[in-house]
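# Structural features, examined
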Amino acid sequence: MSAPGGFLDYGPDAIIMAGLTGSNWRLADYVARGGYSALRKILTERIPPTTVIGEVKRSALRGRGGAGFPTGLKWSFMPQQYQGDKYLVCNSDEGEPGTFKDRDILRYNPHVLIEGMAIAAYAMGCGRGYNYIHGEIWETYERAEEAVAEAYAAGFLGTDILGSGFSFLLHNHHGYGAYICGEETALLESLEGKKGQPRFKPPFPASFGLYGKPTTINNTETFAAVPWIINHGGEAFLNLGRPNNGGTKLFSVSGDVARPGNFEVPLGTPFATLLDMAGGMRDGRKLKACIPGGSSMPVLPGDVMMQTDMDYDSIAKAGSMLGSGAVIVMNDTRCMVKSLLRLSYFYYEESCGQCTPCREGTGWLWRVVDRIEHGQGRADDIDLLLSVSDNIAGRTICALGDAAALPVKSFIRHFRDEFQHHIDHRQCLVPAYI
Amino acid sequence: MLNLEIDGKAVQVAPGSTVMDAAQQLGIHVPHFCYHKKLSIAANCRMCLVQVEKAPKPLPACATPAAEGMKAWTHSELAVTAQKAVMEFLLVNHPLDCPICDQGGECQLQDLAVGYGPSASRYREAKRVVSHKSLGPLVSAEEMARCIQCTRCVRFGQEIAGAMELGMIGRGEHSEIVAFGGRSVDSELSGNMIDICPVGALTSKPFSYAARTWELSRRKSVSPHDALGSNLVVQVKNDRVMRVLPLENEAVNECWISDKDRFSYEALNGPERLTAPMIRQGGQWIAVDWQTALDFTAHALKDVTARHGGAALGTLVSPHATLEEMTLAARLTRALGSDNVDFRLRQADFRGDGQGEGIPWLGLPIADINDQDRVLVIGSFLRKDHPLIAQRLRQAAKKGAQVSMLHAVADDWLLPLAHSWITVPSLLPAALAGIVVAAARLAGAAVPAALAGVEPSERAQAIAASLASGQRKAILLGNLAEQHAEASQLLALAQALAGITGARFGCLSEAANSVGGHVAGALPQSGGLDARAMLENPRRAYLVLHAEPAFDCANPVAARAALDAAEFVAVLSPFRHGADYASVLLPVAPFTETAGSFVNCEGRAQRFNGVVKPLGETRPAWKLLRVLGSLLGLPGFDFATIDEVRASLPIQEAAIAGRLGNGTRVAITAPAAGAQGVERVADVPIHFADALVRRAPSLQQTADAAAPCARMNAATLQKLGVVAGADVRIRQGRGEAVLAAAVDAAVPDGAVRISAAHPSTSALEGLSGPIEITGA
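Residues numbered from 1 in each chain as written. Chains lettered and ligands numbered in written order. Predicted model: local features only at pLDDT ≥ 70, side-chain atom pairs only at ≥ 80, totals over all residues. Heavy atoms only, no water.

### Topic: the overall build of chain A
The condition is simple: Only DSSP runs of H or I with at least four residues qualify as helices, and only runs of E with at least two residues qualify as strands; both kinds are numbered from the N terminus onward. In this description the radius of gyration comes from C-alpha coordinates, and the expected globular size is given by 2.2 Å times residues to the power 0.38. The rule is simple: take the accessible area with a 1.4 Å probe, protein chains only, and divide by the maximum for that residue type; under 20% is buried, over 50% is exposed, in between is partly exposed. Exposure was quantified through the Shrake-Rupley algorithm and a 1.4 Å probe, taking into account, for residues, occlusion by the shown protein chains and nothing else. Charge counting treats Lys and Arg as positive and Asp and Glu as negative, with His and both chain ends excluded. Charged groups are reduced to one reference atom each: NZ for lysine, CZ for arginine, CG for aspartic acid, CD for glutamic acid.
A count of helices and strands for chain A gives 17 helices and eleven strands. The C-alpha atoms of chain A give a radius of gyration of 22 Å, which matches the 22 Å a tight globule of 434 residues would have. For chain A, with 434 residues in total, the buried portion stands at 62%. With the model as given, the accessible surface of chain A reaches about 15,500 Å², and the carbon-plus-sulfur share is 54%. Computing the positive centroid from 41 side-chain charges and the negative centroid from 47, chain A places the two 3 Å apart.

### Things to note about the interface of chain B and chain A
Heads up, the condition is: Working rule for contacts: check all heavy atoms of both residues, and any pair within 4.5 Å makes them a contact. Buried area is calculated as the accessible area (1.4 Å probe) missing from two parts once they are joined, with the contributions of both summed. A carboxyl oxygen of Asp or Glu within 4 Å of a side-chain nitrogen of Lys or Arg is what we treat as a salt bridge. Residues adjacent in sequence count toward polar contacts only when both atoms are side-chain atoms; beyond that, a polar contact is any pair of N or O atoms within 3.5 Å, and within protein one must be able to donate a hydrogen and the other to accept it. Under this grouping Gly is polar, as are all residues other than the nonpolar Ala, Val, Leu, Ile, Met, Phe, Trp, Tyr, Cys and Pro and the charged Asp, Glu, Lys and Arg.
Chain B puts 36 residues into the contact, and the matching count from chain A is 33 residues. Interface of chain B and chain A: buried area, both sides summed, is about 2,900 Å²; carbon and sulfur atoms make up 51% of it. Linking chain B to chain A there are five salt bridges. A salt bridge links Glu360 of chain A to Arg128 of chain B; the nearest nitrogen and oxygen atoms lie 3.5 Å apart. Our enumeration of links across chain B and chain A arrives at 19 residue pairs in polar contact (both at pLDDT 80 or more). Secondary-structure elements contributing two or more residues to the side of chain B that touches chain A are helix 2 (77–92) and strand 8 (166–169) of chain B. Element by element, the count of residues in the side of chain B that touches chain A is highest for helix 2 of chain B, at eight residues. Of the residues that constitute the side of chain B that touches chain A, the class distribution is 18 nonpolar, nine polar and nine charged.

### Concerning the nonpolar core
Most often, soluble globular proteins keep nonpolar side chains buried together rather than apart. Let me state the cut-off plainly: Put simply, buried Ala, Val, Leu, Ile, Met, Phe, Trp, Tyr and Cys residues joined by side-chain atoms within 4.5 Å make one nonpolar core.
Ranked by size, the top nonpolar core spans 153 residues in total, and within it Leu166 and Leu202 of chain B carry the most contacts. Top element by residues in this core is helix 7 (residues 290–308) of chain B. It accounts for seven residues. Contacts of Leu166 of chain B, omitting those with residues within four sequence positions, involve Leu135, Cys153, Val154, Ile177, Val178, Ala179, Phe180, Val185, Met193 and Leu202 of chain B. Among the nonpolar cores identified, the runner-up in size contains 61 residues, and Ala14, Met78, Ile114 and Cys126 of chain A belong to it.

### Some remarks on the side chain of Gln732 of chain B
Residue and element names in this part refer to chain B. Here Gln732 lies in strand 30 (residues 727–732). A distance of 3.2 Å separates a polar atom in the side chain of Gln732 from the backbone oxygen of Gly766. Side-chain polar atoms of Gln732 contact the backbone oxygen of Ser768, separated by 2.9 Å. With near-sequence residues (within four places) excluded, Gln732 lies in contact with Arg680, Leu764, Glu765, Gly766, Ser768, Gly769, Pro770 and Ile771.

### A look at the pattern of salt bridges
Residues and elements named next belong to chain B. Under the defined criterion, the tally for this structure stands at 78 salt bridges over all chains. Note that Arg540 and Glu567 form a salt bridge whose closest N and O atoms lie 3.4 Å from each other. Separated by 27 residues along the polypeptide, Arg540 in the loop between helix 16 (533–536) and strand 23 (541–545) and Glu567 in the loop between helix 18 (556–565) and strand 24 (568–573) bring together distant segments of the chain. In this structure, Arg604 and Glu602 form a salt bridge, with 2.7 Å as the shortest nitrogen-oxygen distance.

### Observations regarding the sheet that holds strand 3 (residues 49–52) of chain B
All names here are of chain B. Our working rule: Paired strands are those between which DSSP finds at least two bridges. Whenever a helix is involved, its axis is fitted only over the stretch in contact; in every case the axis is a line through C-alpha atoms, and angles between N-to-C directions fall within 0 to 180 degrees.
Pairing is mixed in the open sheet, where five strands are placed in the order 2-1-5-3-4. At either margin of the open sheet sits one strand with a lone partner, and together these are strand 2 (9–13) and strand 4 (59–60). Here strand 1 (residues 2–6) runs beside strand 2; their pairing, made up of five bridges, is antiparallel. Bridge assignment links Ile6 to a residue of strand 2, and that residue is Lys9. Sitting on the sheet, helix 2 touches strand 3 and strand 5 (71–73), and the angle it makes with strand 3 is about 160°.

### Topic: the pairing of strand 12 (residues 231–237) of chain B
Residues and elements named next belong to chain B. For strand 12, the tally of buried residues reaches six of seven residues, placing the bulk of the element in the interior. Alignment of strand 11 (residues 217–222) against strand 12, held across six bridges, turns out to be antiparallel. What sits directly across from Lys220, in strand 12, is Val233. One ladder, built from six bridges, connects strand 12 with strand 13 (residues 240–246); its direction is antiparallel. If you follow Lys237 over to strand 13, its bridge partner there is Arg240. Once strand 12 ends, the chain turns through two residues before running back antiparallel as strand 13, passing Asn238 with a positive phi of about 50°.

### A short note on a nonpolar patch on the surface
All names here are of chain A. Spelled out, the test is: Patch membership is restricted to residues that have no salt bridge and whose relative accessible area is over 30%. Joining uses 9 Å for like charges and 5 Å for the nonpolar side chains Val, Leu, Ile, Met, Phe, Trp and Tyr.
Where nonpolar side chains cluster on the molecular surface, the patch consists of Phe69, Leu73 and Phe77 and spans about 270 Å² of accessible area. Mapped onto the elements of the fold, Phe77 is located in the loop between helix 4 (71–76) and strand 1 (87–92). Phe77 gets classed as partly exposed once you look at its relative accessible area, which sits at 46%.

### Observations regarding the packing of helix 3 (residues 49–58) of chain A against helix 6 (residues 110–124) of chain A
Residue and element names in this part refer to chain A. The following threshold applies: Roughly parallel here means an angle under 35 degrees, roughly antiparallel means over 145, roughly perpendicular means 65 to 115, and every remaining angle is called oblique. Crossing chirality is assigned from the near helix's rotation relative to the far helix, an anticlockwise turn below a right angle marking it left-handed and a clockwise turn marking it right-handed.
The geometry of helix 3 relative to helix 6 is characterised by a closest axis approach of 7 Å and an angle of 125° between their N-to-C directions. Taken together, the axes of helix 3 and helix 6 are oblique relative to one another. Two packed elements cross with a definite hand, and for helix 3 against helix 6 that hand is left-handed. Residues Pro49, Val52 and Ile53 of helix 3 lie in contact with helix 6, whose contacting residues are Ile119, Tyr122 and Ala123.

### Notes on the packing of aromatic side chains
Residue and element names in this part refer to chain A. Keep this limit in mind: Under the pairing criterion, centres of Phe, Tyr and Trp rings, with the six-membered ring standing for Trp, must be within 6.5 Å; the plane angle then separates stacked pairs below 30 degrees from edge-to-face pairs above 60, leaving the rest tilted. For a ring to carry a charge above it, either NZ of a lysine or CZ of an arginine must fall within 6 Å of the ring centroid while also lying within 35 degrees of the normal to the ring plane.
All chains considered together, the criterion is met by 19 aromatic pairs over all chains. By the ring-pair criterion, three or more aromatic residues cluster together here, those being Tyr30, Tyr36 and Phe156. The ring of Phe251 carries Lys249 above its face, with NZ or CZ at 5.7 Å from the centroid.

### Some thoughts on the sheet that holds strand 11 of chain B
All names here are of chain B. Pairing within the open sheet is antiparallel, and its three strands lie in the order 11-12-13. Of all the strands in the sheet, the pair left with one neighbour each is strand 11 and strand 13. With strand direction ignored, the average angle separating the axes of adjacent strands in the sheet is 35°.

### What about the side chain of Arg346 of chain B?
Residue and element names in this part refer to chain B. Positionally, Arg346 belongs in the loop between strand 17 (341–342) and strand 18 (374–378). Judged by relative accessible area, Arg346 falls into the buried class, the value being 4%. Among the polar contacts made by the side chain of Arg346, one reaches the side chain of Asp552 at a distance of 3.3 Å. If we ignore the near neighbours within four places in the chain, the residues touching Arg346 are Gln483, Glu510, Phe551, Asp552, Cys553, Ala554, Val684, Ala689, Arg694, Ala757 and Leu767.

Quick look at the structure:
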């Protein structure tokens, strides 16, 4: 383990990211840390796939990409008796503003992902897998390529893995930087070489996925948790966290904290503890607001956050969502109108344009927030923003529409006075001098 | 079947149906834009959001599968709120230029905006600007800011036309429809994109700003072009055809028409229309009244037949003429003592005459094409000759049909082919014979005796194996096969192959009334001369109905020579042509100005009425022929109405079905070895195929109307010592032409593709056969 406070200190309870120095990412290092023992155990002991899925179910592992769907349940949707190709896809298209955890896994511990995917492929009978890495982190893609090559050379990937007769061919694939390609069906379209646009569901990927074949898509961190679950048992993983919120979670803490970075903590850890790990508020300023789960999730006022524990259910109870675990911390110098403007512009730029409410609505939201921020707001603009948000949310093909609408509604819900001030006085409520 | 409830009404639908299907079955209209019954589901416009029991959010009716016990409400508060919200979003960036928009009055967005839109917009920012696109002469994309990104046009290209010529680039608000690389849209079905565009983004270029939809009356008609007989709505203002749209007929054209059907109307009021009868007097053409023209014609006909006998008269009828016109032309000819009448102007081989069991036809209903498992198409420029049949085969292939091609050029039919065998025309019978032998061996059937020496190639075996499997199979002969010098052998071989494989077989048929010509008896019945013979053995007098012999005959050189030498030629045509050989020009009505019927390739007789008054002094040809018959004192011409003509048809419409049959008694002979030297492959380009399209200006600007080149592959170019781009001199029989040489990998070794029916190639003899090529 690296020294506490060091660059790669993910916290004392880290399991996925434990013992990383930044340079011990190679296969030999991973094996020295006990890596690939879970895969070896499954293959040599010929543990039935249903047992593996059962173990993952018991762990209460939930999707780490944002939606938090129970992983074991998702795996059990894959048709076991299906004759023909089945695919496994890893979603490393980490594009949510504030999220930077999967990149660390790929850079510093890529083999844990490879092992996790191999186990998942075994459990679901997938012969081929793709790891879709987003386009802006080219050096990370290159490292993932190196790691995959090592795994093939060592016989952890390829045909007849460890003499078991099980074959799994894994390929890395890099995107070109479209946020929408992080949406799983848009990712599949992109992987197929088409324009990255979400598909209408149903059919779901488990029945009609990549190239129309049964496909399971999980987040990088989700796969990365699997080897530990197999080694230590689902029960042990669950006990790390809370009921229905098994295991540890990587949180990407950014914003106005002294030591931004990734921290792997058991689910259920109080926000205050996480904030301490991140060195507390930078310059000792007051915590004003926090987006606990990535930019698509509702913002929460600082005092609410300080009372909240970091797990799916607690954050939901507080009125937001855990999402991808991107904790964006804002201090009292932050103007909420300006903050929302940045977010709204992001969704306006990243809307794929396929369906009407999102294509037309995100631009509308951005333009209204923009004029409020720049002192051109109109009396009915706040109601207009809420109405347009309502008209987008829940009416689009994918969740990007919701992602654009939720921040608007939550920023206004918690900080309406700042918006009103901008409109009434054509200037910011946050004094310029602080 | 699934039982569900829409708006409280119970309905039963088949598994796999959607909520939209169920609603439509009940006659409940769910507002929509991107949904189209013939296209894949995109679910992107979100206009059809409805409330579904137990679903927390409104769901798109078009994409939500119907489920047993499901309850949905299309007009509940939740649904209507969502629909209104979507409408508001659609109008955010839509220009409110309805007053000058060609779509105004027939715009789905305009109609639904009235129902679901507010009277004023809450959006007060600048609207998106989308630059105009140039998509070619037919489809106007001048106002792309109107586009609502429903992608119907994109899906139409991918799924119906078979080529993705339009796509959506950009993301979010910056999404726009473009043609790849700024090219034009060249599909022969492109005009349908105008129909399916729910807004005024894609509009008709020829119809631009010509009229408002509410000024137009809608009249039913039938396409006079290809053998499908597409049903049309002809829109008329002030006795002028302004526009042509498809009339939906699921059994024939579904909801599509080809660009030829859609835009040929431009010729109807063109400068080449013949609007008054004209007589040649001393080398001068003078307009005369009908009485004079008819007296002159009747007198000349009587005179020639009196002096030289009835057989001195030959009648050439276009296969695009109506059933009634053909019937009366044939009757007039026979009444004057001649059996020399024919409509099969491009046919070269008449050895099958008198050997057939019935009227040649498609061999199966058009609608059955979509359900075939195995199809072999022989000698067909399928996409250009039969655009909508190609479309149906595309749908069949999508469902898993194995479609194979035996042809003289490797045309891209824009559908996945199981097998493709390209060989020079003279070897097509040998190729087909190989398939027959391979199929016979596979089936353990007897090999026809004449084919004993034929050893099937691998390709023959592959195609035979394809035809050996599957349940529903068809073998279809295209225009090249029908016009082939060995057409009767190809038919006999196709018949043998069909017998062995249990397939149906038939002819795709060339023109709107090719089947009707047989029904009308417009071909020799008692030893008369067929179309080829009456040109090779020139007659003293000719009646030419609707045809343009220089373009419509298999051998235009022979046609010109025969007509030039004739004493008397009466040209009955809507257009001014034949002035150098005709004795009299009689203006007869095109299909929009007369009542009539066409019998399509499946034997369906389709009646239509005139939609506008005849132009100028033009008269319907059936009336003209009726008067001529009466003037000549011939029996059987005493009609007052078109219905009386129909009552006198040799085969009544209802009896046609029973008379159809492709069987032939022509004996199969051992296939000949291929010809020496270079031979010609001639297609009839889609926009040169009949008198109407030749004169439609917009169609003439399309890529399909490009002037013919001498197209050959690189090896043939090299062998002949000519270079692509340079002019070459082509000699065929007595004729000669100079064309640019072009390299075309689709043409097999030893063949040169030189299109027919064009002024630049009408000096060449025959649609096939040996040619000589030298540098010009």
